[in-house]
Amino acid sequence: MVGTFYAVRLPESSASEVNKLAKNFAFEPMSIAMPAGFPKQEVRKVNKAYEHIDAWISSVGAGIAVNDLDGDGLANDLCVNDVRIDQAVVTPAPTRKDAYAPFALDPAPLGTSTTMAPMGCMPGDYDEDGRMDLLVYYWGRTPIIFVNKGEKGKPLTAASFTATELLPGKSGRTYTGPLWNSNTAAVADFDGDGHNDVYIGNYFPDSPVLDPSKDGDVTMNASLSHAQNGGGGHFFRWTEDGYEKTDGALPQNLNKGWSLGASAADLDGDRLPEMFLAHDFGTSALLHNTSTPGKIRFSEVKAVHSGTVPKSKELGRSSFKGMGVDFGDLDHDGIYDMFVSNITTSFGIQESNFAFLSDAGSRPELQGRFKKGEAPYTDKSTDLKLAWSGWGWDVKMGDFDNNGDLEITQALGFVKGKNNRWPQLQELATANDALVPNPVWWPNVRHGDDIAGSQRMRFFAKDPGTGEYHNLSGALGIGEPVPTRGLATGDVDGDGRLDLAVARQWGEPVFLHNVAEATGSHLGLKLTHPDGAPVVGAEVRVQLPDGTERVTRLDGGGGHSGKRSTDVHIGLGKDVRGSVPAVITWRDRTGEVHEQKLKLTPGWHSLELGTEVKEK
């Protein structure tokens, strides 16, 4: 038995491996100011059919975003979804010396109800006036765009934002529209017309999930591995007259997934962003963008089936619980890779995270494979020691020590309490799919119950010698045993070091100020259209002195419930002192693609991207 234990136990990093890498990083945990005066709760009130699993139903909604909302040139404003008060809150980063008072976004005069709760906050310049607005998506109603009308140089207040419906409907003080239950969003120029479009991913189908006066008219997933009775996804295409809901963009077999994460990036170099959908209970998918201006359309691509790889670890066939996703070039081959969060808990539910690395030799090859319906990616999570962590949620990649390698942060944990409910959950995991859609068959998960409640967030750093990743969160003092959900990165004080904001489920959010001393050089870029809006999807490639390349893009926002800033950040290493060759590729407002070579010195640059690059 002892021999079997050592043969099958999960790999662990040694203290020497962890300490060797940890000396390159340092974070100062700081409290995030929240507004007073709102009644607090510990679980939400739910449909009577869900009462015995009210903690399960209340297990999502903590989110956080980092961006520049007041136009001071720094991404030092936060939008926090606090489930304890069910409000979307705008608050200054705790590093600010000119802090304004935190406030909740006010949906008035739009219709509201007592059965709605915010699930995520997505910064973006939705009216293209140069000021960052906020799109908030909910359970219990359709999303709201809070249009930023604040004056530059003046403190933000609730009056700075005007609520506007993303999906116009009936007016009135009480909300009577569709009961969407949204859990993720992604913003990108999906159709290539030069303007940003919006994807909203729903979890439950339209239903009164948070209405305690109702008993029924709700469902759970129809399968634990390939559920297709969820809320599915909705695309909104930008038009001169506002956002227009468009149907038929997704393959039919993917249109009713249980959406928890979504992220977009141009993988094959055709200037149209692909998208990965992280669907709970299986059916996660990589989508090849086949859109044309005015028509958003995607086709699914899958790994070529192999007898040597389990279907559960093949891209497009996985039956795992997709929870979050992010793109980044992990192996420096110039092609984006993917990290996907799943549930990986020993003696609980042991699936695997995914580190899908590209097998294509070039982006043109990747494009050709996509057109054949193939996704040439292989999961390398086991080799990289990234496969197992816990009950995963949001994930964000970023170079926190500016050494040229991406670190990976991952939110973990489910429901925190005292009564262990893993045995009952394991029974559910073996249940017949004919039973699981009915909530009555689900085991109790009430306030006070615990499932993975003491798991600690992960901070994975790469060993430059072996290429393996090691979790440093404990050594860095940032791994509290509290469930986390949303992660957002941004350089809030302009010092060239990425900071990290963390949303905790039923706990205080925390800001991790990067105070590492032995960091390398960096390149920070603010890329805007002539109208001042961020150029979402703009790609930056930088060549380092050793001949290797670093690639990243201006992310319009994606993942689970955390949204990084719209600044571009690239770590250059400690050997770079002079300028580095860079290539910037972007679409202008007419949809025309431009590419320009230039040399950039380390530090921050503000570049206007019209028909050519202009430094401001």
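Given the structure is predicted, the values throughout are model-derived calculations rather than measurements. (Residues numbered from 1 in each chain as written. Predicted model: local features only at pLDDT ≥ 70, side-chain atom pairs only at ≥ 80, totals over all residues. Heavy atoms only, no water.)

K.L.:
With reference to specific residues and values, describe the overall build of the protein chain.
P.N.:
Scanning the protein chain from N- to C-terminus turns up 6 helices and 39 strands. Each of the 616 residues in the protein chain was classed as buried or not, and the buried ones make up 62%. Within the protein chain, contacts between residues at least 6 apart in sequence are counted, and of these 64% link residues at least 24 apart. Carbon and sulfur atoms make up 50% of the accessible area of the protein chain, which amounts to about 22700 Å² in all. (Helix = DSSP H or I, 4+ residues; strand = E, 2+ residues; numbered from the N terminus. Buried < 20%, exposed > 50% of the residue type's maximum accessible area, 1.4 Å probe, protein only. Contact = heavy atoms within 4.5 Å. Areas by Shrake-Rupley, 256 points an atom, 1.4 Å probe, with all protein chains shown as cover.)

K.L.:
Explain the confidence of the model for the protein chain residue by residue, including any values.
P.N.:
Residues at a pLDDT of 70 or more form 98% of the protein chain, whose mean pLDDT is 95. This stretch, residues 4–8, has a pLDDT under 50; its non-local contacts, to residues over four places away or in other chains, come to 0 contacts. (pLDDT = per-residue confidence, 0-100.)

K.L.:
Let's hear about helix α5 (residues 422–429): which residues, and what values?
P.N.:
Restricting attention to buried positions, one finds in α5 the residues W422, L425 and L428. Down the axis of α5, the buried side of the element spans an arc of 115 degrees, and every buried residue falls inside it. In this fold, the buried residues of α5 make contact with α3 (54–57), β24 (419–420) and β25 (449–450). (Arc of directions from axis to C-beta.)

K.L.:
Describe the side chain of S318, listing the residues and the values that go with them.
P.N.:
Residue placement: S318 occurs in the loop between β17 (298–301) and β18 (324–328). Judged by its relative accessible area of 10%, S318 is buried. Within the structure, the side chain of S318 is placed 3.3 Å from the backbone oxygen of S312, a separation counted as a polar contact. A polar atom in the side chain of S318 sits 3.0 Å from the backbone nitrogen of F320. Excluding residues within four positions of it along the chain, S318 makes contact with S225, G282, T283, K311, S312 and F354. (Polar contact = N/O pair within 3.5 Å; in protein donor to acceptor, adjacent residues only side chain to side chain.)

K.L.:
Describe in detail the sheet that holds strand β28 (residues 484–490), supporting the description with residues and values.
P.N.:
An order of β1-β30-β29-β28 is seen for the 4 strands of this open sheet, with the pairing classed as antiparallel. Looking at which strands have only one partner, the edges of the open sheet turn out to be β1 (27–31) and β28. Sheet twist, expressed as the mean angle between neighbouring strand axes with direction ignored, is 20 degrees. (Pairing = 2+ DSSP bridges. Axes fitted to C-alpha atoms, helices over the stretch in contact; angles between N-to-C directions.)

K.L.:
Go over the sheet that holds β17, please, and point to the residues and values.
P.N.:
Pairing between the strands of a sheet is mediated by backbone hydrogen bonds and can be parallel or antiparallel. One open sheet accounts for 4 strands, arranged β14-β15-β16-β17; its pairing is antiparallel. Two strands bound the open sheet, and with one partner strand each, they are β14 (258–265) and β17. Each adjacent strand pair in this sheet contributes to an overall mean axis angle of 30 degrees, direction not counted. Taken together, the 4 bridges between strand β16 (residues 285–289) and β17 define a ladder with antiparallel strand orientation. Residue L286 lies in a different strand from β17, and its bridge partner there is V301.

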